[in-house]
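Given next are the chains, with one letter for each unit.
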Amino acid sequence: MAEADLDHVLPSYLALVPPTRIFIPSEIPFEKLHRSLLEKILLLAHANPYPPSPDYQQAFWKWAINLLEGLIANDTDLEIDERIYERYTSLMMLGHSHLASFAPPQKGYVTYVWPKDDQAVNHGGFEGYHSATLLESRALVEQGTTGLRTWGASFALAQYLLENPKEVWENTVLELGSGTGFLGIVTSVIQTEYNTHTQLWLSDVNSEVIQRCWSNLRLPCNTSSSHPSLDVLSLDWSWAMPDSPEHSQACALAQNLHPDVIIGADVVFDPSLVPPLVATIKLLLSVDAERPSDRHALIALTIRNQTTFDLFMETIRNEGLIIVEKAVNTERLLFGSNKVDVGDVRILYITLGDVEDQKTIS
Ligand SMILES: C[S@@+](CC[C@H](N)C(=O)[O-])C[C@H]1O[C@@H](n2cnc3c(N)ncnc32)[C@H](O)[C@@H]1O
């Protein structure tokens, strides 16, 4: 059985894929699985500074021990390394104190990896992979915000950018509602690979999210930590509304930044935020509109509620903006190795311009 049969286990562990969804071939020899779990996962140097949450680790090692014990069956010559049991029992002790304190879901590091063309080791120490490590919340909403974890639309947009790297290697980029920084790290990897390092801004409304995003970008294991022109800023979409007291501040910000490409993932989820978001996109696209430019926005949306999606499309069109849907193969998403289920995600290419342009954008 080839070593490659277990290559997906480490990326799945790092991305906190539920262990029961990690495929292990039934005919796997004990020694091979044991060695892989011990050397590649338990002794992984990256996991010392950037460990997955204790509750995930506990579930993972419980599953791993069950698998290994099942493979030992009646063979008394085989034994599980003590360090595996020790890890599991120490996590169980932690788990008890966590439950006793009625604490919210535990935070932990998540590392998403995706293959690179060569075998060189990256910032995170992974041979043959790029990586993005983030301190994330496991709750959908924490501290009143959805911004403390990475959402599926980000994976789809990251995949699109990896397939169309010119989008970010040639252009200055501004991300709206960036959350914890996953797309920023992917973008910085692309820019570093092509050695362009064009200006990259990440923005959000929530100060806790902005702080988390900045500290994730600066983790030494992330390529973004050495990106020379990367900034995080506060930008509330409501500032772009014509009646907002901050409208002139939003106009000045748009003038100063004048990004070539505006990106955003999973930013359409609340109907009340649709008009401010569309006003922000239009304001950013309109800077120096009299000069010819390829300025555009790439927005990845997960359709959870058709009415909210329709409202976004209608508001965009009412503002005279052009939308073209871009294809992305979500079957190929590799972040975390196991196929990531991102739901119904659309990638929309949005421009100013007249309807004729629509025919020229595939
Ligand atoms: C569902 S999360 C998506 C986060 C990230 N883009 C991702 O895909 O993982 C939505 C993000 O939009 C931000 N957001 C919500 N309202 C906003 C507003 N009025 N202005 C700017 N950002 C806002 C939130 O703070 C949060 O980070």
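Above this text is the structure in question.
Here goes a summary of the coordinates provided. All values derive from a computational prediction rather than experimental measurement.

As a further point, take the overall build of the chain. The number of helices and strands found in the chain is 12 helices and 9 strands. Scored against the burial criterion, the 362 residues of the chain give a buried share of 54%. Pairs at least 24 apart in sequence give 76% of the contacts found in the chain among residues at least 6 apart. When the accessible surface of the chain is totalled, it reaches about 16700 Å², and 52% of it is carbon and sulfur.

In this structure, Phe60, Trp61, Leu157, Phe182 and Leu298 are the most contacted members of the largest nonpolar core, which totals 73 residues. Per-element tally for this core: the top contributor is helix H3 (residues 54-72), with 8 residues. Ignoring sequence-local partners within four residues, the contact set of Leu157 consists of Leu183, Ile263, Gly264, Ala265, Leu298, Ala300 and Ile347.

So, on to empty space enclosed by the protein. Across all of its chains, the model carries 1 cavity of 30 Å³ or more by this definition. Lining the largest cavity, in full, are Leu174, Leu235, Asp236, Trp239, Ala240, Ala250, Leu253, Ala254, Leu257, Thr280, Leu283 and Leu284. A per-element tally of the lining of the largest cavity places helix H9 (residues 247-257) first, with 4 residues.

Attention now goes to the packing of aromatic side chains. Per the counting criterion, the structure on display carries 10 aromatic pairs. Between the aromatic rings of Tyr13 and Phe60, the centroid separation amounts to 4.6 Å while the plane-to-plane angle is 65°, which identifies the pairing as edge-to-face. Placement of the pair is Tyr13 in helix H1 (residues 9-14) and Phe60 in helix H3, with a sequence separation of 47 residues. Accessibility assignment for this pair places Tyr13 and Phe60 in one class, buried.

In this section: the pattern of salt bridges. Taken as a whole and assessed by the stated rule, the structure comprises 5 salt bridges. We note a salt bridge from Arg304 to Asp266, for which the minimum N-O separation is 2.5 Å. Remark: Asp266 occurs in the loop between strand E6 (261-265) and helix H10 (274-286) and Arg304 occurs in the loop between strand E7 (296-302) and helix H11 (306-318); sequence separation between them is 38 residues. Where Arg346 meets Glu325, a salt bridge forms, and the shortest distance between an N and an O atom there is 3.9 Å. Residue Arg346 is found in strand E9 (residues 345-351), and its partner Glu325 is found in strand E8 (residues 322-326); the two are separated by 21 residues along the sequence. Looking at Arg346, the relative accessible area reads 23%, which means it is partly exposed. Note on Glu325: relative accessible area 45%, which makes it partly exposed. Salt bridges here are not isolated pairs; linked through shared partners, they connect Glu325, Asp344 and Arg346.

Attention now goes to the site of the ligand. Near the ligand you find 20 residues, and of these Trp151, Ser154, Gly177, Asp204 and Ala265 are the closest. A distance of 2.8 Å separates an oxygen atom of the ligand from a polar backbone atom of Trp151. Between Gly177 and the ligand, the recorded distance is 2.8 Å, taken from a backbone N or O atom to a nitrogen atom. In terms of residue class, the shell around the ligand is made up of 7 nonpolar, 8 polar and 5 charged.

This paragraph deals with the sheet that holds strand E5 (residues 230-234). Whether parallel or antiparallel, the strands of a sheet pair through hydrogen bonds between backbone atoms. Taken together, the 7 strands give an open sheet; going across it, the order is E5-E4-E3-E6-E7-E9-E8, and neighbouring strands pair in mixed fashion. The sheet is open, and its two edges are formed by E5 and E8, each paired on a single side. The mean inter-strand angle of the sheet, taken between neighbouring strand axes irrespective of direction, is 20°. Relative to E6, strand E3 (residues 173-176) runs parallel, the two being bridged by 4 bridges. Within the sheet, the bridge partner assigned to Leu174 lies in E6 and is Ile262. The strands that H10 touches are E3, E6, E7 and E9; relative to E3, the one it contacts most, it runs at about 170°.

This part is about H11. In a regular helix each residue adds 1.5 Å, so 13 residues correspond to 18 Å; H11 covers 18 Å between its end C-alpha atoms and thus fits that length. Restricting attention to buried positions, one finds in H11 the residues Thr308, Phe309, Phe312, Met313, Thr315 and Ile316. All buried residues of H11 lie within an arc of 165° about the axis, which places them on one face of the element. Exposed side chains of H11 directed beyond 90 degrees from the buried face belong to Thr307, Arg317 and Asn318. Against the buried residues of H11 lie H10, E7, E8 and E9. The N-cap of H11, judged by a side-chain oxygen 2.9 Å from the amide nitrogen of Thr307 a few residues on, is Asn305.

Conventions adopted
- Residue indices begin from 1 for each chain and proceed along its sequence in written order.
- Selection of residues for local features in this predicted model requires a pLDDT of at least 70, selection of side-chain atom pairs for listing and counting requires 80 or more, and totals for whole chains, interfaces and linings are taken over all residues.
- Excluding hydrogens and water, the side-chain figures rest on all heavy atoms present in the structure.
- To qualify as a helix, a DSSP run of H or I must reach at least 4 residues; to qualify as a strand, a run of E must reach at least 2; elements of each kind are numbered from the N terminus.
- We call a residue buried when its accessible area falls under 20% of the maximum for its residue type, exposed when it is over 50%, and partly exposed in between, using a 1.4 Å probe and counting protein chains only.
- A contact between two residues is defined here by any heavy atoms of the two lying within 4.5 Å.
- Using a 1.4 Å probe, accessible areas were evaluated by the Shrake-Rupley method; residue-level cover was limited to the displayed protein chains.
- Only buried residues count toward a nonpolar core. Its members are Ala, Val, Leu, Ile, Met, Phe, Trp, Tyr and Cys residues joined through side-chain atoms within 4.5 Å.
- Lining residues are defined by having an atom within 4 Å of a point belonging to a cavity or pocket. Those points lie on a 1 Å grid over the protein atoms alone, cavities being sets where a 1.4 Å probe fits but cannot get out and pockets being open sets with protein on both sides within 12 Å along at least five of seven lines.
- Grid points are joined across faces, edges and corners, and a volume is the space filled by probe spheres set on the points.
- Ring pairs are drawn from Phe, Tyr and Trp, using the six-membered ring of Trp, whenever the two centres fall within 6.5 Å, and their geometry is named by plane angle: stacked under 30 degrees, edge-to-face over 60, tilted for the rest.
- Salt bridge criterion: a side-chain nitrogen from Lys or Arg within 4 Å of a carboxyl oxygen from Asp or Glu.
- Here a residue is near a molecule or strand as soon as one of its heavy atoms is found within 4 Å of it.
- Polar contact criterion, stated in full: a pair of N or O atoms within 3.5 Å, where within protein one must be able to donate a hydrogen and the other to accept it, and residues adjacent in sequence count only if both atoms are side-chain atoms.
- Side-chain classes are defined by residue name, with Ala, Val, Leu, Ile, Met, Phe, Trp, Tyr, Cys and Pro counting as nonpolar, Asp, Glu, Lys and Arg as charged, and the others, Gly among them, as polar.
- Here, a strand pair is defined by DSSP locating no fewer than two bridges between the strands.
- A fitted line through C-alpha atoms serves as each axis, taken over the contacting stretch for helices, and the angle formed by two N-to-C directions is quoted from 0 to 180°.
- Here the expected span of a helix is defined as 1.5 Å times the quantity of residues minus one.
- Our arc is simply the arc of the directions from the helix axis toward the C-beta atoms.

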